[in-house]
Each structure stands twice: as C-alpha cells, then as structure tokens.
Amino acid sequence: MVWGICVFAQTALQAQEDSLKASRYLMRATLYGVGYSNVYDTYLSPQEYKGMDFRVTRETMRMTTLFDGNVSAQNFFQANLSYTHNRADNNNTFAGLVNWNYGLHYQFRITENFKLLAGGLADFNGGFVYNLRNTNNPASAKAYINLDASGMAIWHVKVKNVPLTLRYQLNVPVAGVLFSPNYGQSYYEIFTLGNSDGIVRFTSLHNQPSFRQMLSVDFPVGSSKVRMSYVCDIQQSDVNEIQTHIYSHVFMVGFVKDLYRIKNKKGAPLPPSVRAY
C-alpha cells in the first residue's frame, strides 16, 4: 500500500515537472510578405481602391500549465501598409493597420502527429486610411477591439523524409467595440467641438462580418527552419451609415525558432559559461 502511494506520488510529481518544463519551450516566428489589398471606405470615397499590401508578422506560441498542460498561449502581432489606386487611376490611398492578438487554445491531440485547437483571442486593432486628393476629410481612423473565436489544425508529416509542419488557423470576431464617426461628421467636430455622440459602437457578426485565416508550412533548410504562409485578412464593417472593408491576400516567408525560457525572477546573473554578454 505504501509502495503504491509512493509510486502514485512520484508519477504525479513527474507529470507536474514535465508540464512545467513544457511550458518553457517557445516557438517564435517572424515573417515578411507582400500581396494584394482592396480598400473601401464610404467616409472618404464611394470607390474601391486596389493595390499592393506589405506586411510583417511576429508570433510566439507555448504550452501553459492550465488544464493539466493541455492549453497553449498564442501571442500574434502584425502590421501592414498598403498603397492602392481607384479604377480610373486618378487617385490613390495609403492604408495601414496594426493588429495584436493574445489568446488561449485547448489542444485536442487526435494522434501523435495531428491535433485540433479551439479557444478565444483578445483582438486589438488600430490604423488609418488616407486619401491623397480629399481636402475636407482626407483620412479615416481605424480603432476597434474584439473578442474572437479561434480554431486551429496542426499536422506534422514527412514528405520524402523531410519533416513538415502544416497549420491552418481561423479567427472570427464575435463581439467588440468600434470607433466610427457619423456619416459626414468631421474629426474637428468630434475632437474640438466635442460632438462625440454615437462614435463608439458595439459590433458583432451583424455589422462587422470579418475573419482572418492563415495557412502555413514549416520545413527545414540546413540548420534553420523556414515558414511559408498565406494570409487572408477580411476586415469589414457597416456602422453609422459608413461601409468599410479592407481585403488582403498576402504571401509571406520567414524563419521559425524554438527557444527555451529561463525563469529568473530574482535577477541573479547567469553563469559565465552561458552568458552572451
């Protein structure tokens, strides 16, 4: 009986230790890309503007100790800048957006090499659209926060003995708040005269039917790991009689690194043998 209790205690401690160790492994990826952008904002113009999108993303993922170590944390940052022109090619716009997501996913391990993830994200966005020919209202500000439903599929496979990691992710905002002027209202009225009624609106699928999806493949190149990715970013809204959308299709490439975090809450110096500076 005592032997059984000792074995059980040792097994529990070993599982806890493995979970703690697993939470220190970190995947970090930095990607750069270029693609297509379609910008539409009736606050500035009734026309669509189409052109190039330039984007950079930085992502980290790690396991946590939540729910017996079955929950992963994702930290995802991206920034993009687009330069577009109208159909007549007599006007142009610049558009930029910064997006930061932080979320948790529960991992369902279907097989040793395939798993499904489901969870939620906090989704923060800020940016602008600038019309080069407008004089009265040349720019439109973008600011919105969402709570997203998120799902992911990750598959580890070998093709001709080359290990590949395939991933598909979909994020859909289900509730949030969005800043928007009323139709025809200038930013001078809002910020100088104080006419700010109705400029912050609740959003959901009925007035902000948007999504972000990503398909990626990781593969080794020498001693490095490379990621190639396709990002489909569909952002649209219909608020305060203003319709907007920014559709982006971007192909990206970059590097993936696997890191191991060292906890050092007391700030003690590292041993000279492992110190880089």
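Residues numbered from 1 in each chain as written. Predicted model: local features only at pLDDT ≥ 70, side-chain atom pairs only at ≥ 80, totals over all residues. Heavy atoms only, no water.

A. A look at the environment of His 206. Take His 206: it is sitting in the loop between strand S8 (200-203) and strand S9 (211-221). Sequence separation between His 206 and Val 174 is 32 residues, and the spatial gap between their C-alpha atoms is 9.4 Å. Within the structure, the side chain of His 206 is placed 3.4 Å from the side chain of Asn 207, a separation counted as a polar contact. (Helix = DSSP H or I, 4+ residues; strand = E, 2+ residues; numbered from the N terminus. Polar contact = N/O pair within 3.5 Å; in protein donor to acceptor, adjacent residues only side chain to side chain.)

B. Layout of the environment of Gly 127. Inspection of the secondary structure assignment puts Gly 127 in strand S5 (residues 114-131). In this structure Gly 127 comes out as partly exposed when scored by relative accessible area, which is 24%. Residues within four places of Gly 127 in sequence aside, it is in contact with Gly 96, Leu 97, Ser 140, Ala 141 and Lys 142. (Buried < 20%, exposed > 50% of the residue type's maximum accessible area, 1.4 Å probe, protein only. Contact = heavy atoms within 4.5 Å.)

C. Representation of the environment of Asn 90 in the model. Turning to its location among the elements, Asn 90 is positioned in the loop between strand S3 (71-85) and strand S4 (92-109). On the basis of relative accessibility, which here comes to 44%, the residue Asn 90 falls in the partly exposed class. Residues Asn 90 and Arg 133, spaced 43 residues apart in sequence, show a C-alpha to C-alpha distance of 9.2 Å. A polar atom in the side chain of Asn 90 sits 2.7 Å from the side chain of Asn 86.

D. Inspection of the pattern of salt bridges at higher detail. Scanning all chains against the criterion turns up nine salt bridges. Its salt-bridge partner being Asp 233, residue Arg 212 comes within 3.0 Å of it at the nearest N-O pair. With Arg 212 in strand S9 and Asp 233 in strand S10 (residues 224-239), this pair connects stretches of sequence that are 21 residues apart. According to the relative accessible area criterion, Arg 212 is buried, its value standing at 8%. (Salt bridge = Lys/Arg side-chain N within 4 Å of Asp/Glu carboxyl O.)

E. Expanded view of the packing of aromatic side chains. Counted under the stated rule, the structure contains ten aromatic pairs. Arranged with centres 6.2 Å apart and planes meeting at 35°, the rings of Phe 179 and Tyr 187 form a pair that is tilted. You can call Tyr 187 buried: its relative accessible area is 18%. Ring centres of Phe 179 and Phe 191 lie 6.3 Å apart, and the angle between their planes is 35°; on these two criteria the pair is classed as tilted. Placement of the pair is Phe 179 in strand S7 (residues 162-179) and Phe 191 in helix H2 (residues 187-191), with a sequence separation of twelve residues. For Phe 179, a relative accessible area of 16% gives the class buried. Phe 191 gets classed as exposed once you look at its relative accessible area, which sits at 61%. Here the aromatic residues Tyr 43, Phe 179, Tyr 187 and Phe 191 are joined through ring pairs into a cluster of three or more. (Phe/Tyr/Trp six-rings, centres within 6.5 Å; stacked < 30°, edge-to-face > 60°.)

Take it as geometry only, folks, not as evidence of what the structure does.
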